[in-house]
Amino acid sequence: MDFALTDDQRAIQDAARAFAEAELAPHSARWDEDKHFPVEVMKQAAEMGFCGIYTGEEHGGMALGRVEAAVIFEELSRGDVATAAFISIHNMATWMIDRFGSDDLRGRFVPTLVGMEKIASYCLTEPGSGSDAAALRTTAVRDGDHYVLNGSKAFISGAGTSDVYVVMVRTGGEGPKGVSALVVEAGTAGLSFGAQERKMGWNAQPTAIVQFDDCRVPVANLLGEEGAGFRYAMAGLDGGRLNIAACSLGGARLALETAQDYVATRKQFGRPIGEFQALQFRLADMATDLEAARLMVLRGAWAIDDDHPEKTKWCAMAKRLATDACFHIADEALQLHGGYGYLKDYPLERIVRDLRVHRILEGTNEIMRVIVAREMARG
């Protein structure tokens, strides 16, 4: 058992850290304040390979493993959580097309996605089906060489800006076996978007409803087979959950580092508050929780790379533990700043707002517990 990164993995980590420090961190507060979606900066990330991390090499991806992806997303999110999280979603959607699409579909879309000439969104959640994703109601009815889509998707990152939407639709009966996955291009007649949602965090990326009204999509845009879309969606989410967990690590790490610096210089009762043992213990617990969360994320990543039969369970465990722990770390860091932590002069309030949603998306943490309990019952 070796817990050390390889030389190549350390080089990847260093590159991601340098990019985040130079291109993300200096602008993070402004992007949040202005609700700016930094597409041009994400295209720079694509030039480094960060928009096709585990997509195959045939169409320009890096073909790296999920361990490398976790390392990259931790570093990027230390620069800006919301932007790193969107890049993680783009990676998930791109990988799904590359993994399950036909040769024609892969050739048409993957090269432009790994270079982020085109931006991808993932569309599963609906206004009436969140945790019960298999109950989705968006329909796709076959009409010659097209599917006709009707329905809507909710809370879609990139909606209205993205060029490509990987959409889970109902082509058959009730339940997961009636779900298929289609690639829908921006500009398709019948595709429209709701108003931008007013959110607590993740302000550096757009979020809106995606609406389908008699939207005609070529049958050639079907991912894999009819009826297999839910399985593809869940395969995407195993990695997506780890990505979001890794993004929590980066945000929490910045929060902890900021708190360490603050307590070393903030004086009360005649001395730096970092000299009080009660605060030292809190910092020690924060550091321990962060390390434990990182180990869980890396174990889940190893399980996907190894195609371990329990990979879904370990990914759910990692997502639940890391996103809960990292939010708590950020909240504790804010508390250690007192009133200053509540001000936008410091990054803490932004980190807390951005990390909060990680406990909800890619499957709520309650659903992560359902997954773990179900897998435990199977033995």
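Trainee: Is there a simple way to think about the side chain of Arg353 in this case?
Mentor: For Arg353, the location among the structural elements is in helix H10 (residues 348-356). For Arg353, a relative accessible area of 14% corresponds to the buried category. Side chain to side chain, Arg353 and Glu349 meet in a polar contact 2.8 Å long. Excluding residues that lie within four positions of it along the chain, Arg353 makes contacts with Asp32, Met200, Gly201, Asn203 and Lys344.

Trainee: Would you mind going over the state of the cysteines with me for this structure?
Mentor: Put plainly, two cysteines are in a disulfide when a covalent bond ties their sulfur atoms together. Following the criterion strictly, the structure yields zero disulfides and no others. Not part of a disulfide, Cys51 finds its nearest cysteine sulfur in Cys247, a span of 12 Å. Using a relative accessible area of 0% as the deciding quantity, one classes Cys51 as buried. Not engaged in a disulfide, the cysteine Cys247 finds its nearest cysteine sulfur in Cys326; these two sulfurs lie 10 Å apart.

Trainee: Sorry if this is basic, but what is going on with the environment of Pro272 here?
Mentor: Along the polypeptide, Pro272 turns up in strand E9 (residues 271-272). As a C-alpha pair, Pro272 and Arg359 span 87 residues in sequence and 34 Å in three-dimensional space. Sequence-distant contacts of Pro272, that is, excluding residues within four places in its chain, are made with Val263, Ala264, Arg266 and Lys267.

Trainee: Explain helix H9 (residues 311-336) here, please?
Mentor: A rise of 1.5 Å per residue sets the reference length of H9, with its 26 residues, at 38 Å; its end C-alpha atoms lie 37 Å apart and thus fit the reference within 8%. Gly338 sits one or two positions beyond H9 and adopts a positive phi of about 60 degrees.

Trainee: Teacher, can you tell me more about the pairing of strand E3 (residues 146-157) here?
Mentor: Relative to E3, strand E2 (residues 139-143) runs antiparallel, the two being bridged by five bridges. Within E3, the position partnered with Ala140 by the bridge is Leu149. Taking the residues between adjacent antiparallel strands as the criterion, E2 and E3 are bridged by two residues, where Gly144 takes a positive phi near 70 degrees. As judged from the nine bridges shared by E3 and strand E7 (residues 207-218), these two strands associate in the antiparallel manner. Across the sheet, residue Leu149 finds its bridge partner in E7, namely Cys215.

Trainee: Help me understand the packing of helix H8 (residues 277-305) against H9 in this model?
Mentor: Put simply, H8 and H9 touch, their axes get as near as 8 Å, and they point 155 degrees apart. Overall, the two elements H8 and H9 adopt an arrangement that is roughly antiparallel. Crossing of H8 over H9 shows left-handed handedness.

Trainee: Explanation requested: the nonpolar core in the structure shown.
Mentor: Soluble globular proteins tend to pack their nonpolar side chains together in the buried interior. Counting residues in each nonpolar core, the largest one holds 100 residues, and the members touching the most others are Leu76, Met96, Ile97, Tyr122, Met168, Leu223 and Val297. Ranked by residue count, the leading element in this core is helix H7 (residues 229-265), at 17 residues. By size, the runner-up hydrophobic cluster in this structure holds 19 residues, among which are Ile156, Val169, Ala208 and Val217.

Trainee: Just to check I follow, could you spell out the packing of aromatic side chains for this structure?
Mentor: Centre-to-centre distance and the angle between the planes together describe a pair of aromatic rings. Inspection of the entire model under this criterion finds 10 aromatic pairs. Ring geometry for Phe100 against Tyr232: centres 4.0 Å apart, planes inclined by 20 degrees, an arrangement best described as stacked. Of this pair, Phe100 sits in helix H5 (residues 81-100) while Tyr232 sits in helix H7, and the two are 132 residues apart along the sequence. A ring pair is formed by Tyr262 and Tyr346, whose centres lie 6.1 Å apart and whose planes are at 85 degrees; its orientation type is edge-to-face. Separated by 84 residues along the polypeptide, Tyr262 in helix H7 and Tyr346 in the loop between H9 and H10 bring together distant segments of the chain. Ring-pair connections join several aromatic residues into one group, and the members of that group are Tyr54, Trp95, Phe100 and Tyr232. Directly above the aromatic system of Tyr54 lies the positively charged group of Arg66, at a separation of 3.6 Å from the ring centroid.

Rules behind the numbers
Residues numbered from 1 in each chain as written. Predicted model: local features only at pLDDT ≥ 70, side-chain atom pairs only at ≥ 80, totals over all residues. Heavy atoms only, no water. Helix = DSSP H or I, 4+ residues; strand = E, 2+ residues; numbered from the N terminus. Buried < 20%, exposed > 50% of the residue type's maximum accessible area, 1.4 Å probe, protein only. Polar contact = N/O pair within 3.5 Å; in protein donor to acceptor, adjacent residues only side chain to side chain. Contact = heavy atoms within 4.5 Å. Disulfide = S-S within 2.5 Å. Expected span 1.5 Å × (residues − 1). Pairing = 2+ DSSP bridges. Axes fitted to C-alpha atoms, helices over the stretch in contact; angles between N-to-C directions. Parallel < 35°, antiparallel > 145°, perpendicular 65-115°, else oblique. Left-handed = near helix turned anticlockwise from the far one by under 90°. Core = buried A, V, L, I, M, F, W, Y, C linked by side-chain atoms within 4.5 Å. Phe/Tyr/Trp six-rings, centres within 6.5 Å; stacked < 30°, edge-to-face > 60°. Lys NZ or Arg CZ within 6 Å of the ring centre and 35° of its normal.

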